[in-house]
Structures are given as C-alpha cells and as structure tokens.
Amino acid sequence: MPEPAALKLNAVEVRYGSVPAVRDLSLGVAAGEIVGLIGPNGAGKSTTLHAIMGLLPLHAGEIRLHGASLRGRSPESIARAGVVLVPEGRRIFGDFTVEENLRLGLAARRPRARNGGDPLAAAYDLFPVLRDFRRRPAGALSGGQQQQLAIGRALVGDPDVLLLDEPSLGLAPTAVDGVFSALTTIRERGVTILLVEQRAQRTVALADRTHVLVGGELRLTLSPADADDTDKIVSAYLSA
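Summarised in this report is the structure supplied together with it.

Here is what the cut-offs are and how they apply
- Residues numbered from 1 in each chain as written.
- Predicted model: local features only at pLDDT ≥ 70, side-chain atom pairs only at ≥ 80, totals over all residues.
- Heavy atoms only, no water.
- Phe/Tyr/Trp six-rings, centres within 6.5 Å; stacked < 30°, edge-to-face > 60°.
- Buried < 20%, exposed > 50% of the residue type's maximum accessible area, 1.4 Å probe, protein only.
- Lys NZ or Arg CZ within 6 Å of the ring centre and 35° of its normal.
- 1 Å grid on protein atoms, 1.4 Å probe; cavity = no way out; pocket = protein on both sides within 12 Å on 5 of 7 lines; lining within 4 Å.
- Points joined across faces, edges and corners; volume = space filled by probe spheres on them.
- Helix = DSSP H or I, 4+ residues; strand = E, 2+ residues; numbered from the N terminus.
- Nonpolar A, V, L, I, M, F, W, Y, C, P; charged D, E, K, R; others polar.
- Pairing = 2+ DSSP bridges.
- Right-handed = clockwise from strand over helix to strand, strands pointing away.

So, about the packing of aromatic side chains. Applying the stated rule across the entire model yields one aromatic pair. Between phenylalanine 93 and phenylalanine 96, the ring centres sit 5.2 Å apart and the planes meet at 20°, which makes this aromatic pair stacked. Overall, phenylalanine 93 belongs to the partly exposed group, its relative accessible area being 44%. You can call phenylalanine 96 partly exposed: its relative accessible area is 35%. A cation sits over an aromatic face here: arginine 136 above phenylalanine 133, 3.7 Å from the ring centre.

Written out as structure tokens, the structure is:
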C-alpha cells in the first residue's frame, strides 16, 4: 500500500466567528516535498498554518500527520508529534542571546528525536553565523540573521514537517536568497516543508507544486514550469 502523505488536509474549513476564512481546502504534502501556498492578503494562508498547528479550531474537515488525525490536539502535542511553525515576523526574544533563543526550540523536541548529539547542531551547521554570534543578544542581529535564528530554533525541535509563514518578509534581497537556499538544504535533510510566501515566482520555482489561495479557496495549482508565466500567476491572484 502507498505511504500516507506526511501532511494531509481534507475539506478543511476554518472560521472566525461566523465568517469562513478557509473553505473546503484539500491538499497533501508527501515526505521530503516542498509545497507552496501563495495568494493575496487575506486569502487564508496563515490561517491554514495556524489550523494545522492547532492554534485555530477546525469548523469542518480533517488534518492528518502520517495518517493520524491532529484534530482537537493542542499546539504542544502537535509540535511534539513532529510539526513546527516558523511564524510570520520571526517572534524571537531580542533580550535573550542567540543560544538562549535556540534552546527554546527544545520545548518542541520529541522524546525520541531522529538526530542525536547536540540538538543545536542542526541550526549551527546550517547557519554558521548563529554559532559565531551565539552569545550576542538576538536583538542585535540583522533582519536576515534573525530569520535564520527563527528557522534554526524550529530545526532544534527536529521536525518531520516544517511550516513557514512569510520567511522572506521584510528582508534584503541577499537575505532572501539565503532563506530560499536554506529551504533547499532543509529539504535535503529529509524535512517536509509547507511554505507560505509573498514572493510568488520564487516559491513556484522552488516548490514541487504551489497552491494559490484566493478568498479562502484553492483556485489553482502551479508547477515549477509555471514560474516564468507571470500572466498565469497574476490571473490566479485576481480571480474572484
């Protein structure tokens, strides 16, 4: 029998009060894939990530991790099951040192983590600057370095599935390049990635496939071959 998707959403609906934010959303992410979620502001992208993490309740539908339902589980339980979120805006603690911020990721680390040894090595090996600056206050880092710290903190948890919410937001072009390069390396390490991003063309080029959300609904799925088809991408954003 085929292996179940690492992460599977089936007919998911999320509401804020009586207002639906995500409607009848179905998608899957196989182990080792990068799948993108793009769309205009208010499309339901961040809401989808928050629902996966248990930060928002499902009104309908199902979310499964390796075939097991996540519905009704706490964010802490979901993190320990192997799903970790890198939130929009990084959410680091500026007064803490870099190393102290990384150690916060241990709260999500599973009792039987895949990677033994120093749990901070996953972050330091990918982002050597974090090792160099480990004693510095995180608030003294550049924006790009702070984003590396946020991603590194998530990797300390040894996730099976990494959710990223706008990791390139507000970064300089060279820092954006670094983020997208890091995602490729993380995937090569065996981590499955669901990526919410504002940089549509870069996401389409990177991901195995990219879903376009508009008004809380999946309107189109793009392949890397569509990355240079700006008309197709813009038309999907403007669809009503």
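With that settled, the discussion passes to the layout of surface pockets. A water-sized probe, rolled over the atoms, reveals where empty space remains. Roughly 640 Å³ of volume is contained in the largest pocket. Looking at the largest pocket, it is lined by 24 residues, and the ones nearest its centre are Met53, Val84, Leu85, Pro87 and Arg153. At the level of secondary structure, the elements contributing two or more residues to the lining of the largest pocket comprise helix 2 (75–81), strand 6 (83–86) and helix 6 (143–156). In this structure, the second largest pocket encloses a volume near 210 Å³. Forming the walls of the second largest pocket are 13 residues, and the residues nearest its centre are Asn41, Gly42, Lys45, Ser46 and Glu166. Of the residues belonging to the lining of the second largest pocket, the class tally is three nonpolar, seven polar and three charged.

Moving on, we get to the pairing of strand 8 (residues 192–196). In terms of residue burial, strand 8 counts as a mostly covered element, since five of its five residues are buried. The alternating pattern of strand 8 places Thr192, Leu194 and Val196 on one face and Ile193 and Leu195 on the opposite face, and all of these are buried. Judged from the four bridges that link them, strand 3 (residues 34–38) and strand 8 form a sheet pairing that is parallel. If you follow leucine 37 over to strand 8, its bridge partner there is valine 196. Taken together, the five bridges between strand 7 (residues 161–165) and strand 8 define a ladder with parallel strand orientation. For aspartate 165, the partnering residue across the bridge sits in strand 8 and is valine 196. You can see the chain leave strand 7, run along helix 7 (residues 173–188) and come back into strand 8, and the turn it takes is right-handed.

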